[in-house]
Number of protein chains: 4
Amino acid sequence: MSKVRVGVIGTGAMGTSHVRTLSRWVSQAQVVTAYDADVARVKQVCQEVGARTADGPEAVIGADDVDAVLIAAPDPLHQDLVMSCLSAGKPVLCEKPLATSATGSQEIIDAEVALGRRLVQVGFMRRYDPAYVALRSTVLDGDLGAVRVVHCVHRNAESHPSATSEGIVTNSMIHELDTVPWLLDDTWSAVTMTLPKVADGALRDPQIGVLETAGGVVVTSEVFVNAGYGYDVQCEVVGDAGTARLTPPYGLGFRRGGSDGFPVAADFIVRFDDAYRFELAAWVDSVAAGSATGASAWDAHRADLAAEAARRSLTSGTRETITTPDPPDLYRP
Amino acid sequence: MSKVRVGVIGTGAMGTSHVRTLSRWVSQAQVVTAYDADVARVKQVCQEVGARTADGPEAVIGADDVDAVLIAAPDPLHQDLVMSCLSAGKPVLCEKPLATSATGSQEIIDAEVALGRRLVQVGFMRRYDPAYVALRSTVLDGDLGAVRVVHCVHRNAESHPSATSEGIVTNSMIHELDTVPWLLDDTWSAVTMTLPKVADGALRDPQIGVLETAGGVVVTSEVFVNAGYGYDVQCEVVGDAGTARLTPPYGLGFRRGGSDGFPVAADFIVRFDDAYRFELAAWVDSVAAGSATGASAWDAHRADLAAEAARRSLTSGTRETITTPDPPDLYRP
Amino acid sequence: MSKVRVGVIGTGAMGTSHVRTLSRWVSQAQVVTAYDADVARVKQVCQEVGARTADGPEAVIGADDVDAVLIAAPDPLHQDLVMSCLSAGKPVLCEKPLATSATGSQEIIDAEVALGRRLVQVGFMRRYDPAYVALRSTVLDGDLGAVRVVHCVHRNAESHPSATSEGIVTNSMIHELDTVPWLLDDTWSAVTMTLPKVADGALRDPQIGVLETAGGVVVTSEVFVNAGYGYDVQCEVVGDAGTARLTPPYGLGFRRGGSDGFPVAADFIVRFDDAYRFELAAWVDSVAAGSATGASAWDAHRADLAAEAARRSLTSGTRETITTPDPPDLYRP
Amino acid sequence: MSKVRVGVIGTGAMGTSHVRTLSRWVSQAQVVTAYDADVARVKQVCQEVGARTADGPEAVIGADDVDAVLIAAPDPLHQDLVMSCLSAGKPVLCEKPLATSATGSQEIIDAEVALGRRLVQVGFMRRYDPAYVALRSTVLDGDLGAVRVVHCVHRNAESHPSATSEGIVTNSMIHELDTVPWLLDDTWSAVTMTLPKVADGALRDPQIGVLETAGGVVVTSEVFVNAGYGYDVQCEVVGDAGTARLTPPYGLGFRRGGSDGFPVAADFIVRFDDAYRFELAAWVDSVAAGSATGASAWDAHRADLAAEAARRSLTSGTRETITTPDPPDLYRP
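Residues numbered from 1 in each chain as written. Chains lettered and ligands numbered in written order. Predicted model: local features only at pLDDT ≥ 70, side-chain atom pairs only at ≥ 80, totals over all residues.

## Notes on the sheet that holds strand β5 (residues 92–94) of chain B
Residue and element names in this part refer to chain B. Condition: When DSSP finds two or more bridges between a pair of strands, those strands are recorded as paired. Numbering of helices and strands runs from the N terminus; a helix is a DSSP stretch of H or I covering at least four residues, while a strand is a stretch of E covering at least two. Here contacts are defined at the residue level, using C-beta atoms placed from the backbone and a cut-off of 7 Å between them. The axes used here are C-alpha line fits, helices contributing only the stretch in contact, and every angle between their N-to-C directions lies in the interval 0 to 180 degrees.
Reading across the sheet, the six strands line up as β3-β2-β1-β4-β5-β6 and stay open at both edges, with parallel pairing between neighbours. The open sheet terminates on both sides in strands that have one partner only, identified here as β3 (52–53) and β6 (120–122). In terms of strand pairing, β5 meets β6 through three bridges, oriented parallel. In the sheet register, Leu 93 faces β6, and the bridge partner there is Gln 121. Contacts from helix α1 (residues 13–25) reach β1 (4–9), β2 (29–35) and β4 (68–71) within the one sheet, and its direction differs from that of β2 by about 150°.

As structure tokens, then:
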């Protein structure tokens, strides 16, 4: 089994975590080169894992010894970088979002369809979280009977100063927009956003969405990126034969100071540690096998279409229909 | 301290439970008479507590030795029975719903305002549940910061064969429609109902509502009256300084058969046992003191107005505004 | 149903709580008189419930209008007061401990046997806690198969300055010494105490006991009266077909400050609120019926014999046999 | 970074799991050869990961291209195989038990001390479980104040037909005998085993142990290898400033069939999946670095001495002193 040689673009917190996971925990992978605008940072990461520093993203994508590319660069660069990978015929794992608009993800789909083979995987890591995977099996095996409702909660301790009200949909709610159709094997049909009052001019946070699927399931979504107490992702699927939900992550419980409780994870990198590892390994396996796995460009596009409707609903305050076209043949199971 | 002598109308499951609770657990109360259309049943209950059987509801309301009336008769009779109590100038605790329409509760308000004193308490028992009471204190003390969102779940094991889609709002969701304004010291401004697809002609169950308050809080409500696994009421209040929620009721946990779990309460009489006791005692105290407490006719009317909007939304599928008038002076704190 | 007229001796925290519970929540009871060495306190409590203040304990026990006596006086007075009640032929509910030694409880048994009827109930309130009651049913119904092990934890936030190492057995562990034989319908056969090292001269706290029953069940007991975080009673029964345990008390859960947790009860009066009410009501019912219920003098004696063995083991550091004689016929079911 | 080439002896369930984990998840490792008495099985495992099948254990240990040896053979073979590794001067990770007696582990220590460097790591995987690691940090950082008590529960669904009463100590309780001294940075001083009654001739299961440490901490241990409901490991450390405990593993919770619960892991390979991975990676890293990590031969010997005392106590029914000699210099931090 020869190694899959990976080139990485972007070595911020997420990219650095991926480089380390690939190098230490994914035997089949070897990180051969990386690029980041922050030269000092990328040098340090590369040294740590024995990779060479690249001069720019094209030097990563174009390198002869790079079999596959991992993109963890700033969001606005994703689309162009993925297009470059497609031009180079190289498999690519791109952190979400795949593009900053549904038009963008459509362009990628067009390019990939033109190529005639799937090269793009999108970094929706929840699909690799063990409990989400078990939840999906439970749902698709019919253990819960007919699914009627899904309740989702996504909370961060604190948002980045640059966060925008629309960005909460694009960057955070986007996870539910991908995960739920995957959990249910269903597609979106409508979304209505309702926003609690906040101070004038303040970030519209939290945001409540009610989504509907083509199959008639109703999904509630709370995204609250300044919840203060930590990073907390909840999901309960309600069927007519029972409900199933994620339990709190494993760790320590403390009885002290008048309280019986347990600490909440600080961020997603800690919380989805195993999910990221399984995601990277599955990607590397698929590259080695010449196949594709995980969330596709079409899955990302489906989420983008829902996100655009959700952003429209932020403004309109009303129910917005989501029209999801049939996927191109390339993306059919 | 002389006893408050109570007459009871309706000795079905709820009424019988109230008679027993009053007789056994509320020292200040004495049940002196009761009426029910089922003569055998009311005889047995009366014998149990040493009360006499009444020939009809008016014989209860009109009896000289009845200081206060408890109504647990079938829903459609509530309004007229309460009006009779008002005519007789007797304090009355009426199980919800106070009336079957907002027009009905308005008539009661008009009558009570004309009388110039509060005689009506409505049986929204959650206001007496210890954890709900603590939740309210936490919210009003500001422990959670500014409240942004409330999540409510109300599940029954199984609905009565006579249940209707509109009745789910009127009989079940009505609890949230009263409880949340009380929790937040706020009023309703809008509601949007969204319904999962079910078989043609089947009961529209579960029902998802998104409610908005005048203060700008967004409330999600799931009511599912055929959830199968038991009676389960959940509530989480989300503030910008933390969240608080009801924990599962006290009882036993079992580790067996591959699972670590605990049994869920079968019904509301078991689940809200303490709440019913506290409710009855508070009512009896207020009668003895010549004052009023708990949910008023105006509180019930406010919930009815929201319920009517919710029922309209069931049909329209869109957001319905809830206009809550200012309360008459009688109902101001 | 005429009232059971109760006289109360001792109106400290526990006694005052009992007076209020009897007056407000136990319809069948009427507190007619009370005594306490603290005259101001007893006056206030009596005024609150419309009872008269007694000049001394004998004025309570001897009063013609006192049908039954509740003793919540300081522990060293219990035995003599109970003996006086027996002399007067009056039913008595005595807070634990019934006596400060097994010799003491034996004297009470002798007197009660001589009388030929049970008048004494001992205040082991856990027997009335709903979850303990359910736990016992589960065990005795055989739901857990053959019981092998019971794990008990008893923690207080903080001990009284007067607490002694032996007193931890006599005042705290005594609850488990009564509860477990009742849970299992079994008797004690041996106890071994093992004590963590503490600073020289400090209270020997916590204390670990391993107890054995005649039926061959092994029971672990942790008593920690300075656990700091609150009042916390845990119990798990382990059978060869599953385990059952008390779940945490109902209340609020909080997500804030980096933690997901819930507040622990401050003390036993809060924690066992319902248990105390059920205990008092059952006692009053049994007095009205001329029968007896709850923990008997013999039950208390059985616990005292175990406590004496446990105290011997505190010193010897070795396994001490507990010899429980057959109960007199009076105490057989 | 060249790979650490590993030879594996024993490809039963545990050994096969290790081979797969090393090959897939530990980038620094390469499994080059393996041996098992079951030729078909070892062939299949080797083929899966591209390793060659060895003719016998010595062919694994003696192979030029084997840098380090992993032993997952039947327990009675461990000691001799480890001694062979020491003779060959090769690092070895040996599943517990290191030997079947304290004399056996002493011989290994003597040999390792004679060599003058640590080559032996013992497979006490709990030291790598994330929550156990966090628990240890919490304890050693003083967050819980002075530790007084540790409660341990170890339950298996079902024991192997060959299980013996002594084997429950040697194979199961041995985990606590290693983990607790590591958690507390302390050593054992005494153990008392107390056994519930079972049918004549039946396996003595469950077993309750009370252990004492040199530092004065009291440890309760329940081992129950036929608990029926699943594999369940619990640990709570009780200090005078609070307690900390492992929370249930992450997964799904189900509300159905009258119950709110979650499935318990079937076995240790599932339950300690991450721990095994971290253990193997730490071992491989230490081999690469020419150093040693994890549980040493001396740690295993310390646990063996405690296990022998516990087995004596099974028979004697009394407290048995555990004399732990000072470790040879080789094992000092």
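## What about the relation of the copies chain C and chain B?
For clarity, the threshold we go by: To line up the copies, we fit them by least squares on C-alpha atoms, keeping just the residues with pLDDT of at least 70 in both.
Rotating chain C by 180° and translating it 0.0 Å along the rotation axis places it on chain B, where the RMSD comes to 0.0 Å. Those values place the two copies in the arrangement expected of a two-fold rotation axis. When each C-alpha of chain C is compared by its distance to the rotation axis, Ser27(C) comes out closest, at 2.0 Å. Interface residue correspondence from chain C to chain B reaches 100%, placing this contact among same-surface, isologous pairings.

## Examining the domain arrangement of chain A
Note on interface size: it is often stated as the accessible area lost on association of the parts. Residues and elements named next belong to chain A. Selection criterion: Marked domain ranges trace back to an automatic or database domain assignment. Note on residue categories: nonpolar means Ala, Val, Leu, Ile, Met, Phe, Trp, Tyr, Cys or Pro, charged means Asp, Glu, Lys or Arg, and polar means any other residue, Gly included.
For chain A, the assigned domains read domain 1 (4–123 + 274–294) and domain 2 (127–272 + 301–331). A C-alpha centroid distance of 25 Å is found between domain 1 and domain 2. Of the residues lining the interface, 20 residues belong to domain 1; the matching set on domain 2 comes to 14 residues. For the side of domain 1 that touches domain 2, the secondary structure elements donating two or more residues are α1 (13–25), α5 (102–115) and α9 (273–289). Considering only residue class, the side of domain 1 that touches domain 2 consists of 10 nonpolar, five polar and five charged.

## Some details on the interface of chain B and chain D
Contacts between the two partners involve 14 residues from chain B, matched on the other side by 14 residues from chain D. Sort the elements by how many residues they give to the side of chain B that touches chain D and strand β14 (residues 259–263) of chain B lands first, with five residues. Here the side of chain B that touches chain D is built from residues that sort into five nonpolar, six polar and three charged. Bridge count between β14(B) and strand β14 (residues 259–263) of chain D: five bridges; the pairing is antiparallel. Bridge pairing in β14(D) places Asp260(B) opposite Phe262(D).

## A short note on the pairing of strand β12 (residues 242–246) of chain C
Inspection of the sheet shows strand β13 (residues 252–256) of chain B paired to β12(C) by four bridges, in the antiparallel sense. Each residue of the ladder has a partner; that of Phe254(B), found in β12(C), is Ala244(C). The loop that links strand β11 (residues 232–239) of chain C with its antiparallel partner β12(C) comprises two residues.

## Side note on the interface of chain C and chain B
Across the boundary between the two partners, chain C contributes 28 residues, which contact 28 residues of chain B. Elements with a minimum of two residues in the side of chain C that touches chain B: α1 (13–25), α6 (130–140), β12 and β13 (252–256) of chain C. Tallied by class, the residues present in the side of chain C that touches chain B amount to 15 nonpolar, nine polar and four charged.

## What about α9(A)?
All names here are of chain A. Heads up, the condition is: A helix is expected to reach a length of 1.5 Å times the quantity of its residues less one. Put plainly, a residue is buried at 20 or more neighbouring C-beta atoms within 10 Å of its own, exposed at 12 or fewer, and partly exposed in between, counting only other residues' C-beta atoms, which are placed from the backbone.
Along its 17 residues, α9 runs 25 Å from first to last C-alpha, staying within 8% of the 24 Å computed at 1.5 Å per residue. Listed in full, the buried residues belonging to α9 are Ala 275, Tyr 276, Arg 277, Phe 278, Glu 279, Leu 280, Ala 281, Trp 283, Val 284 and Val 287. On its buried face, α9 is in contact with β1 (4–9), α1, β2 (29–35), β4 (68–71), β5 (92–94) and β6 (120–122). Two residues or fewer after α9 comes Gly 290, characterised by a positive phi angle close to 70°.

## Regarding the environment of Phe268(A)
All names here are of chain A. Relative to the elements of secondary structure, Phe 268 occurs in helix α8 (residues 268–271). Judged by local crowding, Phe 268 falls into the buried class, with 21 C-beta atoms found within 10 Å. Placed 38 residues apart in sequence, Phe 268 and Gly 230 show a C-alpha to C-alpha distance of 9.7 Å.

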